[in-house]
Amino acid sequence: MSETREAHLKQLGEPYVKLTAEDGGTLLVLVRGGRVHDMTVPGGLAGTSFWTNPPALVAGGWNTGGDRTWVSPEIEYFTDSAGNYEIPPQLDPGHWTLIASSGSEAVVRTTCELARRSSPAAPIRLDLEKRFATLPNPLLMNTSLAARDWAGIRYVGYEVSTSLELEPAAQDGSPEGVPSGYCSLWSIMQVPSGGVALVPTRGHVKPLTMFAQREPSDIATTASGVRIPCGGSYSYKLSFDAIASTGRYGYIRELGATESSLMVRQFRVNPAGVYPDYPPDRPDYMGSCMQIYNDGGHMGGFAELEYQSPALAIGNPGRTTDESQVFHFTGPTEKIREIAAILLGMDDVSQDLVS
């Protein structure tokens, strides 16, 4: 096995782009699957940010890790009427191509046709384009924080802008000729298990269970947010609606006795938007704008931090653009906790790390 993730991509002949920020942090954008494969803080080691799965890269599978984009509702596009789950290969890994790149920016694109598996329907055509660009440290951009001591903190971040053009692929006058329903951009970050997902909320909010092998009993809910330890041997997905979401979430994880990492994602939320991802018993639910998924070790031992964009109706041509920012910090644990409190606005972050 190669010593670094970049060396492994080279060894496999996988096309990728390495983006370098002004302060020396790096991103690896993997063309296959159109995703960020890894990001590394200046002077840091690969593997402190995303969960990745080298065997899936070798086998050509979808579950390679990193930060990817799918579409939802999941239950309609990934599950058939008999309950069988399958990742559409035309979506992931798909047929992405590199459109443009520079030292700090890369653009990838794909086109595919996709139909709902849950019921007979004509397909829709999706044109997806993603632009990745490095971002400066928000703590250093904000002069109100200039007096803080950030010695020992290392940082790398990026912005991703995703555009979706959608149109019905068949309109032949048959009952299945004009599809109905919704399609939403679904952004998913895979992170190593053993950390705690931090979800700021507007008030005391209990998440909705999308599915669960067992209901998690160790989450903590306060008036400012929800803490969800990720690990164990059972899987589940918890959802937060657009009314309660602040448009940010985080993941804090110990890297050693004195060091920790923090990942924060910011995204746009429209409380009046349609968010069509729903649990099996709630097909009328239209509010799920973000989720936390715990793998429980079944597919490699990771957690997923996910969010949705407001959906497009699929009966007519449409276009939408989604933007989000990712901020990744490593450093002394106490300072990482302080940054988590600043960026997420949650009280008592001192209890957020688990062994």
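Every value quoted in this text rests on a predicted model; they were computed, and no experiment measured them. (Residues numbered from 1 in each chain as written. Predicted model: local features only at pLDDT ≥ 70, side-chain atom pairs only at ≥ 80, totals over all residues. Heavy atoms only, no water.)

Draft legend 1. Layout of the sheet that holds strand β5 (residues 97-101). Read from one edge of the open sheet, 10 strands run β5-β6-β7-β8-β20-β16-β15-β10-β13-β12, paired in antiparallel fashion. Each edge of the open sheet is held by one strand with a lone partner, namely β5 and β12 (220-221). Where strand β8 (residues 154-168) and strand β20 (residues 318-332) come together, 13 bridges link them in antiparallel fashion. Across the sheet, the residue bridging to V160 is S324, located in β20. (Pairing = 2+ DSSP bridges. Helix = DSSP H or I, 4+ residues; strand = E, 2+ residues; numbered from the N terminus.)

Draft legend 2. Representation of the side chain of T320 in the model. Relative to the helices and strands, T320 is located in strand β20. Here T320 falls in the buried class, since its relative accessible area comes to 18%. When neighbours within four sequence positions are excluded, T320 is seen to be in contact with T162, S163, L164, L185 and L312. (Buried < 20%, exposed > 50% of the residue type's maximum accessible area, 1.4 Å probe, protein only. Contact = heavy atoms within 4.5 Å.)

Draft legend 3. Fine view of the nonpolar core. Among the nonpolar cores identified, the biggest contains 61 residues, and L126, Y158, C183, I228, M290 and I292 are the most heavily contacted of them. Considering every element that reaches this core, the biggest residue donor is strand β9 (residues 182-192), with 6 residues. Setting aside chain neighbours within four positions, we find C183 in contact with V71, S72, Y77, I124, L126, L164, L166, A311, L312 and I314. Within the second largest apolar cluster, 19 residues are counted, among which are L139, V196, V264 and I339. (Core = buried A, V, L, I, M, F, W, Y, C linked by side-chain atoms within 4.5 Å.)

Draft legend 4. Seen up close, the pattern of salt bridges. The tally for this structure, following the rule as stated, stands at 23 salt bridges. Where K10 meets E6, a salt bridge forms, and the shortest distance between an N and an O atom there is 4.0 Å. Here the residue K10 and the residue E6 both occupy positions in helix α1 (residues 5-12), the gap between them amounting to 4 residues, near one helical turn. Connected via shared salt-bridge partners are E6, K10 and K18. (Salt bridge = Lys/Arg side-chain N within 4 Å of Asp/Glu carboxyl O.)

Draft legend 5. View of the environment of L98. Take L98: it is sitting in strand β5. Excluding residues within four positions of it along the chain, L98 makes contact with V17, V31, A106, V107 and V108.

Everything listed is a geometric property; what it means functionally is a separate question.
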